Amino acid sequence: MSDIKLAFIVQQPQYKGETSRLAITHAIAYQTVEILLEDDETVTPKLCFVGEGVLGITKDQPAMEIYGITSTESHMKNSLLVDLEVLVCKEDLDKYGIPESDLPDAEDMGADVTIQVVPFAEIQKAMDEAKHVLMF
Amino acid sequence: MNLGVFVSDYALTTDTLARITADKLGIILVMNGVYHAALKENGKASSLLDKTKNLYALSEDLKTRGIADSAVDSRVKVVTYSDLVDVMMNDFEKLAWL
Amino acid sequence: MGKLTIGVFPGVVGNMSYDFALKIAGAAKDKGHDVSIWFSGNASGSVIAGQKHLKDYSTAEQHLKALLEKGVEICVCEACAVARGAKKDTAIEGIQWNAMHWYLAAIHGADRVLHIGGE
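Attention here is on the structure that accompanies the text. Throughout this document, residue positions are counted from 1 along each chain, in the order its sequence is written. Each chain gets a letter, beginning with A, and each ligand a number, beginning with 1, in the order they are written. Side-chain atom pairs in this predicted model are given and counted only at pLDDT of 80 or more, local residue features only at pLDDT of at least 70, and totals for whole chains, interfaces and linings cover all residues.

## Some thoughts on the interface of chain C and chain A
Consideration 1: Each side of the interface is counted separately: chain C has 18 residues, and chain A has 21 residues.
Consideration 2: Of all the secondary-structure elements, those providing two or more residues to the side of chain C that touches chain A are α4 (101-108) and β5 (112-116) of chain C.
Consideration 3: Tallied by class, residues from the side of chain C that touches chain A come to nine nonpolar, eight polar and one charged. Distance between backbone-placed C-beta atoms decides contact: two residues are in contact if it is within 7 Å. Labels follow the DSSP assignment, with helices taken as runs of H or I lasting at least four residues and strands as runs of E lasting at least two, numbered in each case from the N terminus. The classification used treats Ala, Val, Leu, Ile, Met, Phe, Trp, Tyr, Cys and Pro as nonpolar, Asp, Glu, Lys and Arg as charged, and all other residues, Gly among them, as polar.

This is the structure in structure tokens:
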């Protein structure tokens, strides 16, 4: 079994630019990469939010109503629905005064996993264990 | 981890860089990041240059900005694109772009 | 020799990161490495054929054709490209069109990955 671990590190806030959103959608694509790989090959990303990247990932975002685009909240829920491991830096949430309870979950949609709020050390560990690191 | 980090801006958007630990860290200065290799603020060289002994600056980007090799901090190795490929493929296992 | 995968997200005009990506891709190919480039986000707009190469504007078409000629594999995110008005039949010939999982597959086979984010 050839599994490649990746660390997607999102450092930029959502909405002004699109690369931080593209981090989420590219990570979600791990679900379908198998069609392009050999039978025993997989890719396992960890999607990590640090610094200003923790801004704009909270729930109750009316992005569709105001910007006409899918909200980051929806993208985050989709990532949980496909069992993507999502890590959000605790120190940065605390720095910006964002309570953990403001983060979305997808339990009502049947997701088995939730967003993990972790110390930066865990995100460092994700980078150490990954074969490649992608900064968004 | 063995990590080569490309710094492409001068403004210190290096919050993440300040937090990352690596067994071997390389800082590769490209585009506006090359100012870290030569500019002094209030007489002091960039603090980025203290982070590791593995420092590189892209020759083409220095020249375009009128920075002579002689102005580059002695700790920084001036490299061409060809040299940079060797650094990327041989000296570091992972690469990151800031 | 190794395999280098480069993810390029910034647009071709107004961000020299795109230029850097193409130059490093060419340099790596010249040294005998296999190189794959993935375009997403604003970089996707660079695959439109018939670009006018104006002075003081970063250009893509001639450089992309040269890279393809050298054997560099280039793929664009179909959704990102179509959103920017690109069409397969009027795009630069030789560039592949696929979904985001193409990038992950190219990463799977790579020795080194340089992901260049930004707008």
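Text resumes after the structure shown.
## Some remarks on the interface of chain C and chain B
Consideration 1: Listed by partner, the interface residues are 18 residues for chain C and 11 residues for chain B.
Consideration 2: At the level of elements, α1 (16-30) and β5 of chain C are the ones that each hand at least two residues to the side of chain C that touches chain B.
Consideration 3: Top contributing element to the side of chain C that touches chain B by residue count: α1 of chain C, with seven residues.
Consideration 4: When its residues are assigned to classes, the side of chain C that touches chain B shows nine nonpolar, five polar and four charged.

## Observations concerning the environment of threonine 25 of chain A
Consideration 1: Along the chain, threonine 25 of chain A falls in helix α1 (residues 19-28).
Consideration 2: Using C-beta atoms placed from the backbone, we call a residue buried if 20 or more other C-beta atoms fall within 10 Å of its own, exposed if 12 or fewer do, and partly exposed for counts in between. On the basis of neighbour count, threonine 25 of chain A is assigned to the partly exposed category, with 18 C-beta atoms found within 10 Å.
Consideration 3: Separated by 50 residues in the primary sequence, threonine 25 of chain A and histidine 75 of chain A have C-alpha atoms spaced 7.3 Å apart.
Consideration 4: Beyond its immediate sequence surroundings of up to four residues, threonine 25 of chain A is in contact with His75 of chain A together with Met100 of chain C.

## Observations regarding α1 of chain C
Consideration 1: In a helix, the anticipated span is given by 1.5 Å times the number of residues less one. In this model α1 of chain C runs 21 Å from its N-terminal to its C-terminal C-alpha over 15 residues, within 8% of the 21 Å that 1.5 Å per residue would give.
Consideration 2: Within α1 of chain C the residues assigned to the buried category are Ser17, Tyr18, Phe20, Ala21, Leu22, Ile24, Ala25, Ala27 and Ala28 of chain C.
Consideration 3: In this structure, the buried residues of α1 of chain C make contact with α4 (81-91) of chain B together with β1 (3-8), β2 (34-39), α2 (61-70) and β5 of chain C.
Consideration 4: Of the residues one or two after α1 of chain C, glycine 32 of chain C is the one with positive phi, at around 95°.

## What about the sheet that holds strand β4 (residues 116-118) of chain A?
Consideration 1: Pairing in this open sheet of five strands is parallel, and the strands run β4-β3-β2-β1-β5 (chain A) from one edge to the other. Each of the sheet's edge strands pairs with one partner strand only, and the pair in question is β4 and β5 (132-135) of chain A. Strand-to-strand, the axes of this sheet are offset by a mean angle of 25°, without reference to chain direction.
Consideration 2: By the convention used here, strands pair only if DSSP detects at least 2 bridges between them. Judged from the four bridges that link them, strand β1 (residues 2-10) of chain A and β5 of chain A form a sheet pairing that is parallel. Of the residues in β5 of chain A, the one forming a bridge with leucine 6 of chain A is histidine 132 of chain A.
Consideration 3: Taken strand by strand, α4 of chain C contacts β1, β2 (41-49) and β5 of chain A, and its axis lies near 110° from that of β2 of chain A. For helices, the axis comes from a line fit to the C-alpha atoms of the stretch in contact; other axes are also lines fit to C-alpha atoms, and the angle between any two N-to-C directions lies between 0 and 180 degrees.

## Focus on the sheet that holds strand β7 (residues 94-97) of chain B
All names here are of chain B.
Consideration 1: The parallel open sheet is built from five strands, whose spatial order is β6-β5-β2-β1-β7. In the strand order of this sheet, the two ends are held by β6 (76-79) and β7, each with one partner. Averaged over neighbouring strand pairs, the angle between their axes works out to 25° when direction is ignored.
Consideration 2: The sheet contacts of α4 involve β1 (2-7), β2 (24-29), β5 (54-58), β6 and β7, and relative to β2 the element is tilted by about 160°.

## So, the nonpolar core
Generally speaking, nonpolar side chains in soluble globular proteins are found buried as a group.
Consideration 1: When buried Ala, Val, Leu, Ile, Met, Phe, Trp, Tyr and Cys residues are joined through C-beta atoms within 7 Å, the set is termed a nonpolar core. Judged by nonpolar contacts, the single largest core of 112 residues is most densely connected at Phe8, Cys48 and Val88 of chain A.
Consideration 2: If near-sequence neighbours (up to four positions away) are discounted, cysteine 48 of chain A is found in contact with Ala7, Phe8, Ile9, Val10, Leu87, Ile123 and Ala126 of chain A.

## So, helix α5 (residues 120-129) of chain A
All names here are of chain A.
Consideration 1: Taken together, the buried positions of α5 are occupied by Ile123, Ala126 and Met127. On an axial view of α5, the arc spanned by its buried residues comes to 95°, and they lie on one face.
Consideration 2: Buried residues along α5 sit in contact with β1, β2, β3 (85-89), β4 and β5. Directions pointing from the helix axis toward each C-beta atom define the arc.

## Section: the pairing of β1 of chain C
Residue and element names in this part refer to chain C.
Consideration 1: In terms of residue burial, β1 counts as a mostly covered element, since five of its six residues are buried.
Consideration 2: Here six bridges tie β1 to β2, and the two strands are oriented parallel to one another. If you follow lysine 3 over to β2, its bridge partner there is aspartate 34.
Consideration 3: For a crossover, the right-handed case is the one in which the path from the first strand over the helix to the second runs clockwise, viewed with the strands pointing away from the viewer. Following the chain from β1 across α1 to the adjacent parallel β2, one finds a crossover that is right-handed.
Consideration 4: Of the strand pairs in this sheet, β1 and β5 are connected by five bridges, and their pairing is parallel. From the neighbouring strand, isoleucine 6 faces β5, where its bridge partner is leucine 114.

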